[in-house]
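Commentary on secondary and tertiary structure
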2 protein chains.
Amino acid sequence: MRERLAIIGSGNWGSTIAMIAGERVLEWSQVPERHMEREVRMWVFEETVDGQKLTDLINTRHENVKYLPGIPLPHNVTACPDLVETVKDATLLVFVLPHQFVKKVCEQLRGHIAPSARAISLIKGLDGSQSGIQLVSHSIRDALQIDVSVLMGANIANEVAARQFCETTVGYADEANGALWRELFHTDYFHTHMVQDVAGVELCGALKNIIAVAAGFVDGLKGGDNTKAAIIRIGLIEMRRFASMYYKGVNDQTFLESCGVADVITTCFGGRNRRVAEAFVLSDKSFAELEDEMLNGQKLQGVLTAAEVCKVLERDNKLDQFPLFHRVHLIAEGNADPKTITQIKYVRGS
Amino acid sequence: MRERLAIIGSGNWGSTIAMIAGERVLEWSQVPERHMEREVRMWVFEETVDGQKLTDLINTRHENVKYLPGIPLPHNVTACPDLVETVKDATLLVFVLPHQFVKKVCEQLRGHIAPSARAISLIKGLDGSQSGIQLVSHSIRDALQIDVSVLMGANIANEVAARQFCETTVGYADEANGALWRELFHTDYFHTHMVQDVAGVELCGALKNIIAVAAGFVDGLKGGDNTKAAIIRIGLIEMRRFASMYYKGVNDQTFLESCGVADVITTCFGGRNRRVAEAFVLSDKSFAELEDEMLNGQKLQGVLTAAEVCKVLERDNKLDQFPLFHRVHLIAEGNADPKTITQIKYVRGS
């Protein structure tokens, strides 16, 4: 049985991952025992750039001129506008597309994937549902009935594409699959650690944005370094508490991996969630107004996630164990003054 | 038996702690069951400020005009130039003085402290010794034969003195003493958590400076956010590994307390270790030259600690498990290029 890699998505991060994994596949395809197909198909939602099809541009220039300009892609990566064609015979599926497209893409894929396929999700976000919160990796797993790992970390795409040193975390359920994904992505400049904890890793990627909103409030209020560090730490603890409360097998170690503490740091010092929350304090505008002005009307992830998480916590009468998440939600909704971000209740034993 | 608090040290941090603990003692002294003496003596190394004794200035103005100007101290805090007089009948001793004075102070105190005395150390640093590394709290414990807790955290003194929200960590060996110290320091703006792990808490306070030097190198090299976050995370892991390797009973949780992740963050984004290390990359100067120029010849703590730690690790043939600490030491000694800070070996399972 030969292995074949397919990448579902081709944005900034998807193209970066295509570069890393494409180079590894090229190496492996020269080792017969690897049984690895040389070609890596990458699904591209077709669009026209300067009068040409984006797929044609990628396939002739070996560069995603629109979403990752200036970075050469290995020649074995081929852009494909057809989703089903992309995954044909693929045994390794990398999901790296905007969260809102996952459901539809899975519907289209159903019945078209190889029997031995397994997947990894690089998608950040949560599916809010009637019954609470659903992980994106679980949505994919349930839709396609395959094993799904996740990869998350302090990985600003352009810095990774420039091969600046960083780390990332693979969260797996099936150990052999986790090890294979680790081997596929690990390089000298992209250190990949693995942890048997899909939910913990994936929740870090979603919940960190709530902490970044809190950090933005502190920055807007001109809080000191102590305060910001305390808010980040409390956020990490609430992240861990939430994950352990709602998912079995969450590993404490996960929060000291790149997906945990490192990604929280980058998100709280850079990133749009921090920036818009800072603007919220410094202006008299609501988040809805700022989203219009600063994000072309896109919803701010941290505010959205805080609302979804607090809805679940309120239902379960657990809000008092999450004073920071709750406070972010109250402030974002206009029900508390941003100054109260530091008036968070002391929770013993955190 | 009445309780009496004494503060040994009166610098920036000592005066801040005198403010916090002094106010709490004032409250407790009004509750008969507390059996608490109202007066808090604070040992001041006598010096002359504008022609007046510093102790007189503190005792008349209720302000440490030299080391914490602008912050009123509670009137029950009295400055005392005599060390033995300061601790007379004191049952609670707070050590908050520069590391290099500890040995001599303990020698002077021996035989003069109350039988029921216990102490807490707020001193950051390590005692390098022939046999390896000695914790300051253990030096005090061994010299005076009393229980010694520690308090460390992301606590820039001026921000704490301005009552800006932050957190801190009490590490204790004796639980009753730990709880008492927590109660003494905890306020709405100075959240105090406790963990039964003196060595872990204290090592965080010392080892964080090595990480800050690494972070300064990254800043000097104009590294990205991913890289800096990775360096911080690897540093945290090495900190934990070192503590667990050399001390029994170190608790993994400690590294997610204020003394761990939060203090590492403040130190890696502000602070002198980061700043001087950045200058090291941007200039052609050695650390010795930069210490002369930027620190009046004082040694940079992170460089010193890296050397002490690496000496022990080399002796025990464990350097390869600490690629970041080792790399910092190599670069600081001029034996490696700062650019190699990101060429740190991958250690599996961290």
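Conventions we followed
Residues numbered from 1 in each chain as written. Chains lettered and ligands numbered in written order. Predicted model: local features only at pLDDT ≥ 70, side-chain atom pairs only at ≥ 80, totals over all residues. Heavy atoms only, no water. UniProt positions renumbered as here; feature names shortened; annotations may be inferred. Phe/Tyr/Trp six-rings, centres within 6.5 Å; stacked < 30°, edge-to-face > 60°. Helix = DSSP H or I, 4+ residues; strand = E, 2+ residues; numbered from the N terminus. Buried < 20%, exposed > 50% of the residue type's maximum accessible area, 1.4 Å probe, protein only. Lys NZ or Arg CZ within 6 Å of the ring centre and 35° of its normal. Domains from an automatic or database assignment. Buried area = accessible area lost by both parts, 1.4 Å probe. Salt bridge = Lys/Arg side-chain N within 4 Å of Asp/Glu carboxyl O. Polar contact = N/O pair within 3.5 Å; in protein donor to acceptor, adjacent residues only side chain to side chain. Nonpolar A, V, L, I, M, F, W, Y, C, P; charged D, E, K, R; others polar. Contact = heavy atoms within 4.5 Å. Pairing = 2+ DSSP bridges. Axes fitted to C-alpha atoms, helices over the stretch in contact; angles between N-to-C directions.

Per an unreviewed UniProt entry, the recorded name for chain A is Glycerol-3-phosphate dehydrogenase [NAD(+)], and the organism is Caulochytrium protostelioides. In the Sequence similarities (unreviewed entry) part of its UniProt record, chain A is described as follows: "Belongs to the NAD-dependent glycerol-3-phosphate dehydrogenase family." Database annotation for chain A, UniProt heading Catalytic activity (unreviewed entry): "sn-glycerol 3-phosphate + NAD(+) = dihydroxyacetone phosphate + NADH + H(+)".

This next bit is on the packing of aromatic side chains. Residue and element names in this part refer to chain A. The full count for this structure, using the stated rule, is 19 aromatic pairs over all chains. Ring plane angle 15° and centroid distance 6.1 Å describe the contact between Trp181 and Phe185, whose orientation is recorded as stacked. Taken together, the residues Trp181 and Phe185, both in helix H7 (residues 175-185) and four residues apart, mark about one turn of the helix. Neither Trp181 nor Phe185 differs from the other in exposure class; each is buried. Ring geometry for Phe217 against Phe280: centres 5.8 Å apart, planes inclined by 45°, an arrangement best described as tilted. Placement of Phe217 in helix H8 (residues 198-220) and of Phe280 in helix H11 (residues 272-282) is noted, with a sequence separation of 63 residues between them. Residue class for Phe280 comes out buried when judged on its relative accessible area of 12%. Three or more aromatic residues link up through ring pairs in this structure, and these residues are Phe242, Tyr246, Phe322 and Phe325. In this structure, Lys228 packs its charged tip against the face of Phe269, placed 4.1 Å from the ring centre.

Moving on to the domain arrangement of chain A. Residues and elements named next belong to chain A. Its domain assignment divides chain A into domain 1 (3-196) and domain 2 (207-342). Inter-centroid distance (C-alpha atoms) of domain 1 to domain 2 is 28 Å. Buried surface at the junction of domain 1 and domain 2, both sides included, amounts to about 1400 Å², of which 59% is carbon and sulfur. Three residues stand out in domain 1 for area buried against domain 2, namely Ile133, Ala154 and Val195, and they jointly supply 33% of the buried area on that side. At the junction of domain 1 with domain 2, the criterion picks out one salt bridge. Here Lys124 and Asp263 are joined by a salt bridge, their closest N and O atoms 3.3 Å apart. Between domain 1 and domain 2 we count six residue pairs in polar contact (both at pLDDT 80 or more) in total. Looking at the side of domain 1 that touches domain 2, the elements that each hand over two or more residues are strand S8 (126-129), strand S9 (132-135), strand S11 (166-171) and strand S12 (190-195). Looking at the side of domain 1 that touches domain 2, its residues break down into six nonpolar, ten polar and two charged.

Now for the interface of chain A and chain B. Counting residues at the interface gives 45 residues for chain A and 45 residues for chain B. Carbon and sulfur atoms make up 58% of the surface buried where chain A meets chain B, a total of about 3900 Å² over both sides. By the criterion of area lost to chain B, the three top residues of chain A are Phe165(A), Asn226(A) and Tyr346(A), representing 20% of everything that side buries. Remark: the boundary between chain A and chain B carries four salt bridges. On the surface where chain A and chain B come into contact, there are 23 residue pairs in polar contact (both at pLDDT 80 or more). Looking at the side of chain A that touches chain B, the elements that each hand over two or more residues are helix H6 (157-161), S11, S12, helix H9 (225-246) and helix H10 (258-269) of chain A.

Spatial strand order, S5-S2-S1-S6-S7-S10-S11-S12 (chain A): eight strands in an open sheet with mixed pairing. The open sheet is flanked by strand S5 (77-80) and S12 of chain A, the only strands paired with a single partner. Adjacent strand axes in the sheet meet at a mean angle of 25° when their direction is disregarded. The sheet strands contacting helix H5 (residues 136-144) of chain A are strand S6 (92-95), strand S7 (118-121) and strand S10 (148-152) of chain A, and the helix crosses S10(A) at an angle near 155°. Strands S11 and S12 of chain A of the sheet are contacted by helix H9 (residues 225-246) of chain B, whose axis makes an angle of about 70° with S11(A).

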